[in-house]
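Remarks on the overall topology
For reference, the chains in residue letters:
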Amino acid sequence: MLDFIAGTLTGVLETITTKPAFGVSLTLCFFLAAKNVFKRYPSPLTHPLLISSSAIILFLTLLDIDYHTYQQGGQLITFLLGPAIVSLAIPLYKNSRRISQQLGLITTSVAAGTLTAMLIAVLTVKLLGGTTELLLSMAPKSVTTPIAIEISRIVGGIPSLTSVFVVLSGLTGAILGPSFLYYTGLSSPVSTGLALGTTAHGIGTGRALQEGELHGAYSGIAMGLAGLITAFAAPFAVKLFSIIGLF
Amino acid sequence: MLKGFTLILVFQLTGEVLVRLFNLPIPGPVIGLLLLWLSLVKGWVALIALEEITNLLLDNLVLLFVPIVVGAMVYADVLIEYWLTLSLGIILSTLAGMLVTGMIATHWKRKDKNA
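In this text the structure is predicted, and so the values were computed from the model without any measurement.

As a further point, take the overall build of chain A. When helices and strands are counted, chain A shows 13 helices and 0 strands. Secondary structure elements of chain A, listed N to C terminal, follow the sequence α-α-α-α-α-α-α-α-α-α-α-α-α. Its C-alpha atoms put chain A at 75 × 45 × 35 Å along the principal axes. Here chain A holds 247 residues, and 51% of them are scored as buried. For chain A, restricting intrachain contacts to residue pairs at least 6 apart in sequence, the fraction spanning at least 24 positions comes to 61%.

The next point concerns helix α11 (residues 159-183) of chain A. If you check α11(A), its first and last C-alpha atoms are 35 Å apart, about what 25 residues at 1.5 Å a residue would give, namely 36 Å. Note on α11(A): the residue one or two positions beyond its end, Gly185(A), has a positive phi of about 70°.

Glancing now at the environment of Thr108(A). Residues and elements named next belong to chain A. Summarising the element assignment, Thr108 is placed in helix α8 (residues 103-127). Classification of Thr108 by C-beta neighbours within 10 Å gives partly exposed; the count is 14. Each C-alpha atom, one on Thr108 and one on Leu50, is 32 Å from the other, the two residues being 58 residues apart in sequence.

In this section: the interface of chain B and chain A. It is common to give the size of an interface as the accessible area lost on bringing the parts into contact. With 60 residues of chain B at the interface, the matching set in chain A holds 85 residues. Every element with two or more residues in the side of chain B that touches chain A is listed here: α1 (2-22), α2 (28-42), α3 (47-59), α4 (61-70) and α6 (83-114) of chain B. Ranked by residues supplied to the side of chain B that touches chain A, first place goes to α6(B) with 23 residues. Taken together, the residues of the side of chain B that touches chain A sort by class into 46 nonpolar, 12 polar and 2 charged.

This part takes up the confidence of the model for chain B. Residues and elements named next belong to chain B. The predicted model of chain B has a mean per-residue pLDDT of 89, with 94% of residues at 70 or higher. In the model of chain B, α4 stands out as the element of lowest mean pLDDT, 86, in contrast to α1, which has the highest, 94. Overall fold confidence for the complex sits at a pTM of 0.82, while the interface term, ipTM, reaches 0.88.

Attention now moves to the nonpolar core. Counting residues in each nonpolar core, the largest one holds 100 residues, and the members touching the most others are Ala121(A), Ala139(A), Val66(B) and Val69(B). For this core, the leading source of residues is helix α13 (residues 213-243) of chain A, giving 14 residues. For Val69(B), the residues in contact, after removing those within four places along its chain, are Leu49(A), Ser53(A), Ser163(A), Val164(A) and Val167(A).

Thresholds, definitions, all that
Residues numbered from 1 in each chain as written. Chains lettered and ligands numbered in written order. Predicted model: local features only at pLDDT ≥ 70, side-chain atom pairs only at ≥ 80, totals over all residues. Helix = DSSP H or I, 4+ residues; strand = E, 2+ residues; numbered from the N terminus. Buried ≥ 20, exposed ≤ 12 C-beta atoms within 10 Å, placed from the backbone. Contact = placed C-beta atoms within 7 Å. Expected span 1.5 Å × (residues − 1). Nonpolar A, V, L, I, M, F, W, Y, C, P; charged D, E, K, R; others polar. pLDDT = per-residue confidence, 0-100. Core = buried A, V, L, I, M, F, W, Y, C linked by C-beta atoms within 7 Å.

Here's what the structure looks like:
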């Protein structure tokens, strides 16, 4: 009798998990729950992305469900990243006036910060003995996830690893950034906004908005520009790194 | 909504085609972003046709990363083996990038004021 029940349950579980709707609904359920956790306890450490993806990993591991089974539905959600990247044109367009008024300041500071972060990340991992795969996955990690993932694919990194580095960079920037900028005397709204957006993308922009509307606006601009600059510069930077023997 | 989504997909595909044609090492959707930005600035595309779908996508952007982050479970052994190297790389690079961006932004502002 018990065997029969166990057998039936396993059968039902298998039927459910092999449908694409499983991955989609699992992701949505955990994400909505994680958003509620964040609403109640707002902190960079309770970021919905961190909570929901850890919970899903735990769920899949406990029920012994293969990652590729989950991805049948997961990839339907991932598909929307392309349209989401294109949609980033709208906030950039809305900020076009601010950008054109301070074009030199914004592009120079964002480009320099982006390239510095990329170089230091790659150098540190190289000096501490990381593999080439890790270096390549690390290179685009400062920019917004959809763009970083695409770049990682192009330069030969592992997109999933890159996505983890992106999230961790965002959390680092959001947690350490404001006080770091305060102690270094760089905490004007323009400086804080641009620095957070350049190195900590969307998570940093969320943090910048808590400091003020103006901080948030500059952070949003920096996040978009850093993504564009990295998309154009990363393949050449990677080529340069390989010429000077970093890989 | 449907019209906006179609427009977005057409821009994305145009980007992908250009990337393929010119063999560019740049993500197709990024080219789509630039083309859409240009079209908005030039007034070829109206913002109103797009905002419903782009708001939906951007308001829930974080959701779209979840399956990719879950993919890291496959690389758990790499992450555990190199956790210190990776943490240092992430912390140092993030602070260095902030310092450089912040210093240029702050210095530039002073220069503007003096001018």
